[in-house]
Amino acid sequence: MSAYLVSMATYAGFFMILALALNLQWGLTGMVNFGIAGFYALGAYTSGLLSAKAGWPLGLSIPMAIAAGFAAGGLVALLSMRLREDFLAIVTLGVGEVIRLIVLNEDQITEGPRGLRIEAQPFQSLVEPENYPLFYLCFVAVFVAITYWICERIRKAPMGRTLRAIREDDVVAGVLGKNVFRHRVQIFAIGGGFMGLAGALYAHYTQNISPEVFMPTVAMFIWMSVIVGGAGNNRGLLIGAGTVIMFLEGTRFIGDILPWLDAEIMSSVRIITIGLLLIVTLRLRPRGLLPEPKFSYTKR
Amino acid sequence: MNLQIFVNALVNAALIAPPAMAFSLLFGVLKFPNFAIGGYITIGAFAAYTFNVPLGLPLPLATIGAMAVTGFVVWLAHVWVFKPMQAQSAVTLLVVSIALTLILESVVRLFFSADVRGFDIPLERPWKFWGARITKEQVQIIACAVVLGTGLHVLLRHTRIGRAMRAVADNPMLAAIRGVDAAKITALTTILCGAIFGLTGVFAGLDLVIEPLVGWNLTIPIFAAAILGGIGSPYGAILGALLLGLAEELTILVLPSTYKIAVGFVIIAIFLLVRPQGLFGTAEIKK
């Protein structure tokens with residue numbers, strides 16, 4: 001039971017990093033990204049392959065995962081220059097799916113549907129195996145805290161104001177002399193880097209990654225976290241990610257209480273509940289549980 | 001061999017073109033890419049299955065039933081979900097529509113499980129001509145698509161309701177000033193599109209298989225066809241579907257068939273970047 005809670009909290013950590021990254025891109029700057037699953041997969045496979053197949057130490061492979069996400073984010077941002085936001089949504093979804101298909105099909109490198117086995121875990125030798133899950137939760141929590149701190153800094157800094165201006169009206173921001181193009185590419189790349197980090201943390205946690213984990217539904221759950229929590233508000237979306245994981249994983253408890261319900265039914269009920277959660281939240285609180293605070297000149 | 005590619009492309013196009021036209025129509029009225037069409041198609045396929053196999057109705061009757069059921073579901077989704085959220089941004093509505101697809105799919109899975117099913121129709125040997133094969137069902141699909149395309153054309157161009165639908169899609173406020181009841185026309189459009197998605201569900205069940213993911217797997221090809229032809233241009237959608245079908249069949253010659261879904265995405269990306277208005281759409285005037 002407590003082991004279960006620890007694993008749930010760890011997953012919530014991955015989701016929180018992804019949600020914070022999406023909030024940088026969409027909540028703050030107004031750039032749509034539905035390819036989250038692809039960036040997540042890119043991070044997981046970069047670090048996983050480098051450590052499992054090339055024998056790199058984790059101190060190098062995890063930063064490489066961040067770099068891969070960063071580079072991919074920068075490239076995708078170039079698309080966002082020309083596309084309307086709803087079309088960008090379809091294209092980024094496509095980017096994510098293409099990454100998944102490549103992982104699935106190039107199985108001589110990625111092991112495809114068989115799944116890639118990764119032995120290496122951070123600080124493996126220093127921690128007792130029975131305490132390791134709890135240690136890893138703390139390890140992830142540190143990264144969530146760092147990500148949160150960086151995102152908050154960006155939001156409060158003068159750059160955050162520029163980003164919000166770009167979100168509200170990029171033409172006006174451009175007329176005011178802000179380099180809209182550079183800001184967009186930067187933020188998309190930073191967001192991509194965080195998503196790569198989340199992927200690497202996930203890969204070394206489960207130690208077995210396969211393409212079916214990185215379905216577009218992952219992107220869906222992160223979007224729900226941000227929308228339910230309140231786009232633009234970093235604290236709100238931590239709550240959002242927690243809520244989504246609670247509905248997603250917590251409903252597994254019902255399976256323990258009512259064992260006669262089979263897994264197929266349980267997973268359907270889980271998806272239905274989480275979809276309804278989004279729709280009900282938007283009907284009752286259109287701007288999320290904790291909406292973005294209105295900007296004020298008099299207090300910070 | 002070569003002829004077979006064209007036959008397959010034609011069947012694909014007949015499957016994709018009607019929902020792509022419906023998607024275009026819906027986009028015109030609701031102004032966001034509605035991913036819920038995947039769920040609607042799944043509902044159509046399973047409604048037809050229920051009428052056809054457990055209830056034992058002949059397939060044509062089951063098809064009409066499925067179209068009615070799907071039309072009703074799409075109208076319900078409009079009234080309960082999308083209409084009250086009109087003030088939300090297009091992206092939020094897009095997320096909601098994906099959530100709706102997941103819900104509909106899961107409801108179907110709840111009642112029918114994820115097993116693969118088929119309609120109660122006799123298996124027949126495919127017809128052969130000049131080395132290409134085509135089944136009776138595929139011929140029916142193509143015939144239905146042609147009839148449906150013509151019907152939609154007549155409806156949109158030559159009837160009062162069709163004119164009103166185009167007017168509301170073009171400029172709802174102007175349409176309202178001219179005395180068009182926009183709310184009623186929007187509701188009618190959703191029901192019409194719902195019926196078409198229901199029919200697509202039946203086609204998909206005939207040509208592919210009936211399973212909860214059947215609609216999701218068709219969503220991207222449908223988007224690709226609609227964008228290729230120029231979103232908001234129902235006729236472009238037909239040509240878009242033909243080109244997409246051809247592109248997909250040609251890719252199979254060089255790449256593993258699992259990459260097929262990527263073709264749709266790549267076509268979407270290229271077209272949106274190079275010619276966002278599609279083949280036949282008119283360029284949008286940005287403020």
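Just so we're clear, the structure is a prediction, and the values are computed from it rather than from any experiment.

Conventions we followed
Residues numbered from 1 in each chain as written. Chains lettered and ligands numbered in written order. Predicted model: local features only at pLDDT ≥ 70, side-chain atom pairs only at ≥ 80, totals over all residues. Heavy atoms only, no water. Helix = DSSP H or I, 4+ residues; strand = E, 2+ residues; numbered from the N terminus. Rg over C-alpha atoms; globule rule 2.2 N^0.38 Å. Buried < 20%, exposed > 50% of the residue type's maximum accessible area, 1.4 Å probe, protein only. Contact = heavy atoms within 4.5 Å. Areas by Shrake-Rupley, 256 points an atom, 1.4 Å probe, with all protein chains shown as cover. UniProt positions renumbered as here; feature names shortened; annotations may be inferred. Buried area = accessible area lost by both parts, 1.4 Å probe. Salt bridge = Lys/Arg side-chain N within 4 Å of Asp/Glu carboxyl O. Polar contact = N/O pair within 3.5 Å; in protein donor to acceptor, adjacent residues only side chain to side chain. Expected span 1.5 Å × (residues − 1). Axes fitted to C-alpha atoms, helices over the stretch in contact; angles between N-to-C directions. Parallel < 35°, antiparallel > 145°, perpendicular 65-115°, else oblique. Left-handed = near helix turned anticlockwise from the far one by under 90°. Nonpolar A, V, L, I, M, F, W, Y, C, P; charged D, E, K, R; others polar. Core = buried A, V, L, I, M, F, W, Y, C linked by side-chain atoms within 4.5 Å. Patch = residues over 30% accessible without salt bridge, like charges linked within 9 Å, V, L, I, M, F, W, Y side chains within 5 Å. Bend = angle between axes of the 7 residues up to and from the residue. Disulfide = S-S within 2.5 Å.

A few words now on the overall build of chain A. Scanning chain A from terminus to terminus reveals 13 helices and two strands. Taking 300 residues into account, the globule formula puts the C-alpha radius of gyration at 19 Å, and chain A, at 19 Å, falls close to it. Reported as C-alpha extents along the three principal axes, the dimensions of chain A are approximately 55 × 45 × 35 Å. Expressed as a percentage of its 300 residues, the buried residues of chain A come to 55%. Taking as baseline every contact in chain A between residues at least 6 positions apart, the subset at least 24 positions apart corresponds to 79%. When the accessible surface of chain A is split by element, carbon and sulfur atoms take 66% of a total near 13,100 Å².

All names here are of chain B. Look at the UniProt record and you will see "transmembrane region" (unreviewed entry) annotated at residues 6-30, 37-55, 61-81, 93-112, 138-156, 185-206, 218-246 and 253-274. Taken end to end, residues 61-81 is 100% helix and 0% strand, and its two terminal C-alpha atoms sit 30 Å from one another. Along residues 138-156 the backbone is 100% helical and 0% strand, and the end-to-end C-alpha distance reaches 27 Å.

All right, on to the interface of chain A and chain B then. Each side of the interface is counted separately: chain A has 40 residues, and chain B has 41 residues. Buried area between chain A and chain B, both sides added, is near 3,600 Å², and the carbon and sulfur share of it is 79%. Considering only the side of chain A, the residues that lose the most area to chain B are Phe87(A), Ile90(A) and Ile279(A), jointly responsible for 16% of the buried surface there. Seen at the junction of chain A and chain B, the total is zero salt bridges. Taken together, chain A and chain B are joined by two residue pairs in polar contact (both at pLDDT 80 or more). Of all the secondary-structure elements, those providing two or more residues to the side of chain A that touches chain B are helix 4 (85-105), helix 10 (216-229) and helix 13 (263-284) of chain A. In terms of residue count, helix 4 of chain A provides more of the side of chain A that touches chain B than any other element does, 13 residues in total.

Our next topic: helix 2 (residues 37-52) of chain B. Relative to the 22 Å expected for 16 residues at 1.5 Å per residue, helix 2 of chain B spans 22 Å between its end C-alpha atoms, a close match to the ideal helical length. Helix 2 of chain B sits mainly inside the fold: 14 of its 16 residues count as buried.

Moving on: the packing of helix 11 (residues 234-250) of chain A against helix 13 of chain A. Residue and element names in this part refer to chain A. With their axes 8 Å apart at the nearest point, helix 11 and helix 13 run at an angle of 155 degrees to one another. Classed by the angle they form, the pair helix 11 and helix 13 counts as roughly antiparallel. Classified by chirality, the crossing of helix 13 by helix 11 is right-handed. Across the interface between the two elements, Thr243, Val244, Phe247 and Leu248 from helix 11 touch Arg270, Thr273, Ile274 and Leu277 from helix 13. For the contact of helix 11 with helix 13, a count of residues per class yields five nonpolar, two polar and one charged.

Moving on to the nonpolar core. In this structure, Phe34(A), Ile209(A), Trp223(A), Leu278(A), Phe35(B), Tyr40(B) and Ile268(B) are the most contacted members of the largest nonpolar core, which totals 181 residues. It is helix 1 (residues 2-30) of chain B that contributes the most residues to this core, 15 residues altogether.

As a further point, take the pattern of salt bridges. Residues and elements named next belong to chain A. For the coordinates displayed, the defined rule picks out eight salt bridges over all chains. For arginine 100, the salt bridge is made with glutamate 97, and the minimal N-O distance between the two is 3.0 Å. Here arginine 100 and its partner glutamate 97 are both found in helix 4, three residues apart, which amounts to about one turn of the helix. The residue arginine 167 makes a salt bridge to glutamate 168 at a minimum N-O spacing of 3.0 Å. With relative accessibility at 25%, the residue arginine 167 sits in the partly exposed group. The exposure class assigned to glutamate 168 is exposed, which follows from its relative accessible area of 58%.

A few words now on a nonpolar patch on the surface. Residue and element names in this part refer to chain B. Taken together, the side chains of Leu10, Tyr235, Ile238, Leu239, Leu242 and Leu243 define a hydrophobic patch exposed on the protein surface, amounting to about 440 Å² of accessible area. Considering every element that reaches the nonpolar patch, the biggest residue donor is helix 10 (residues 234-254), with five residues. Within the secondary structure, leucine 239 is located in helix 10.

Turning our eyes to something else, we now look at helix 1 of chain B. Given 3.6 residues per turn, any residue in an α-helix points the same way as the ones three and four places further on. Residue and element names in this part refer to chain B. Here helix 1 spans 41 Å end to end across 29 residues, near enough to the 42 Å set by a 1.5 Å rise per residue. Within helix 1, the axis deviates most sharply at isoleucine 16, by approximately 30 degrees, and proline proline 18 lies no more than four positions further along. Among the 29 residues that make up helix 1, 24 are buried, leaving the element largely enclosed by the rest of the structure. Just downstream of helix 1, lysine 31 is the residue with a positive phi angle, here 65 degrees.

All names here are of chain B. What the rule picks out here adds up to zero disulfides over all chains. Just so you know, cysteine 144 is unpaired, no disulfide at all, and the nearest cysteine sulfur is the one on cysteine 193, 18 Å from it. Cysteine 144 gets classed as partly exposed once you look at its relative accessible area, which sits at 35%.

Our focus in this paragraph is the environment of Ala72(A). Residue and element names in this part refer to chain A. Here alanine 72 shows up in helix 3 (residues 58-80). Separated by 30 residues in sequence, alanine 72 and leucine 42 have C-alpha atoms that sit 8.8 Å apart. With residues up to four places along the chain from it excluded, the contact list for alanine 72 reads Phe39 and Leu42.

Take the side chain of Gln25(A) next. If you trace the backbone, Gln25(A) turns up in helix 1 (residues 2-28). The contacts of Gln25(A), once residues within four sequence positions are left out, are Gly30(A), Met31(A), Asn33(A), Ile187(A), Phe188(A), Gly191(A), Gly192(A) and Met195(A).

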